[in-house]
Amino acid sequence: DAKTTQPPSMDCAEGRAANLPCNHSTISGNEYVYWYRQIHSQGPQYIIHGLKNNETNEMASLIITEDRKSSTLILPHATLRDTAVYYCIVDRIQGAQKLVFGQGTRLTINP
Amino acid sequence: DAGVIQSPRHEVTEMGQEVTLRCKPISGHNSLFWYRQTMMRGLELLIYFNNNVPIDDSGMPEDRFSAKMPNASFSTLKIQPSEPRDSAVYFCASRGLAGGSYNEQFFGPGTRLTVL
């Protein structure tokens, strides 16, 4: 499975867009990019996933570069409740049972 | 829906004792996962089941760990004997039928285990 690289921490002001980068330069053609987050003391929570097209849902947007070697998760209007560790995971959709969590990015939203 | 239910939420035990963690997946989900989270190793998959059958237990650290899923609504993770290095938060997650689309994993609140 392809590995991902994320910055260990980021800060963002409340109300601003939070942009979380992820590098996955060894991603294969049949592998998707998944994002989960973990709010303190809770279990991880699914956010969004994509293959090559940009995706948007009620929680976030996912921008994947044309070469698919990197992506950005965007929280358009960050709130204090978005403070969490964000995990970028790469896997096949059929094989996405085995979520391999890296260290993630600890995002802190500041008032 | 109550979500994934785990019990107990906190467990403190002494080294050498048997520990049993319990999980009730979301009704209708056919896959169940056990994860362990520590500061040193992060979040790691221990074992997962499909339709009550263990599919991959390569993450189970050693023979002291065992997991069962006797039916679709219940699973246990047992540690016998427990050791201080087993101290961690243990998460259970469940997932619906995958088919051709992605179904995310839903995580429970976790069990915080402390082995003295």
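Report follows, based on the coordinates.

What counts and what doesn't
- Residues numbered from 1 in each chain as written.
- Chains lettered and ligands numbered in written order.
- Predicted model: local features only at pLDDT ≥ 70, side-chain atom pairs only at ≥ 80, totals over all residues.
- Heavy atoms only, no water.
- Contact = heavy atoms within 4.5 Å.
- Buried area = accessible area lost by both parts, 1.4 Å probe.
- Salt bridge = Lys/Arg side-chain N within 4 Å of Asp/Glu carboxyl O.
- Polar contact = N/O pair within 3.5 Å; in protein donor to acceptor, adjacent residues only side chain to side chain.
- Buried < 20%, exposed > 50% of the residue type's maximum accessible area, 1.4 Å probe, protein only.
- Pairing = 2+ DSSP bridges.
- Helix = DSSP H or I, 4+ residues; strand = E, 2+ residues; numbered from the N terminus.
- Disulfide = S-S within 2.5 Å.
- Axes fitted to C-alpha atoms, helices over the stretch in contact; angles between N-to-C directions.

**Points about the interface of chain A and chain B**
Move 1: The interface of chain A with chain B comprises 17 residues on the first partner and 21 residues on the second.
Move 2: In total, chain A and chain B occlude about 1700 Å² of area from one another, counting both sides; carbon and sulfur atoms represent 49% of this.
Move 3: Counting every contact that joins chain A to chain B gives zero salt bridges.
Move 4: Remark: the boundary between chain A and chain B carries two residue pairs in polar contact (both at pLDDT 80 or more).

**Quick look at the pattern of salt bridges**
Here the idea is simple: oppositely charged side chains can pair when their charged atoms come close.
Residue and element names in this part refer to chain B.
Move 1: Enumeration according to the criterion identifies nine salt bridges over all chains in this entry.
Move 2: Between Glu 44 and Arg 36 there is a salt bridge, with its nearest N and O atoms 3.1 Å apart.
Move 3: Accessibility expressed as a relative area gives 16% for Glu 44, which makes it buried.
Move 4: Here the salt bridges share partners, and the residues they tie into one network are Glu 62, Arg 64, Glu 83, Arg 85 and Asp 86.

**Description of the pairing of strand β6 (residues 53-56) of chain B**
Move 1: Sheet analysis places strand β5 (residues 42-50) of chain B next to β6(B), joined by three bridges and oriented antiparallel. The residue bridging Phe49(B) from the neighbouring strand is Pro54(B), located in β6(B).

**What about the state of the cysteines?**
Move 1: Tallied over the full model, the rule gives two disulfides over all chains.
Move 2: There is a disulfide in this structure between Cys22(A) and Cys88(A), and the S-S distance comes to 2.1 Å. Every disulfide takes its handedness from the sign of the S-S torsion; for Cys22(A) and Cys88(A) that torsion is -80 degrees, giving left-handed. Here Cys22(A) is found in strand β2 (residues 18-23), whereas its partner Cys88(A) is found in strand β8 (residues 84-92), with 66 residues between them in sequence. The burial state of Cys22(A) is the same as that of Cys88(A); both residues are buried.
Move 3: Sulfur-sulfur distance for the disulfide between Cys23(B) and Cys92(B) comes to 1.8 Å. Taking the torsion about the S-S bond as the criterion, the Cys23(B) to Cys92(B) disulfide, at about -70 degrees, is left-handed.

**Brief notes about the sheet that holds strand β3 (residues 31-38) of chain A**
All names here are of chain A.
Move 1: Spatial ordering of the open sheet is given by β1-β9-β8-β3-β4, a layout of five strands whose pairing is mixed. Pairing within the sheet leaves two strands with one partner each, and these edge strands are β1 (9-13) and β4 (45-50). Ignoring which end each strand starts from, the neighbouring axes of this sheet average 25 degrees apart.
Move 2: Alignment of β3 against β4, held across five bridges, turns out to be antiparallel. When the bridges of β4 are listed, Tyr 36 appears paired with Tyr 46.

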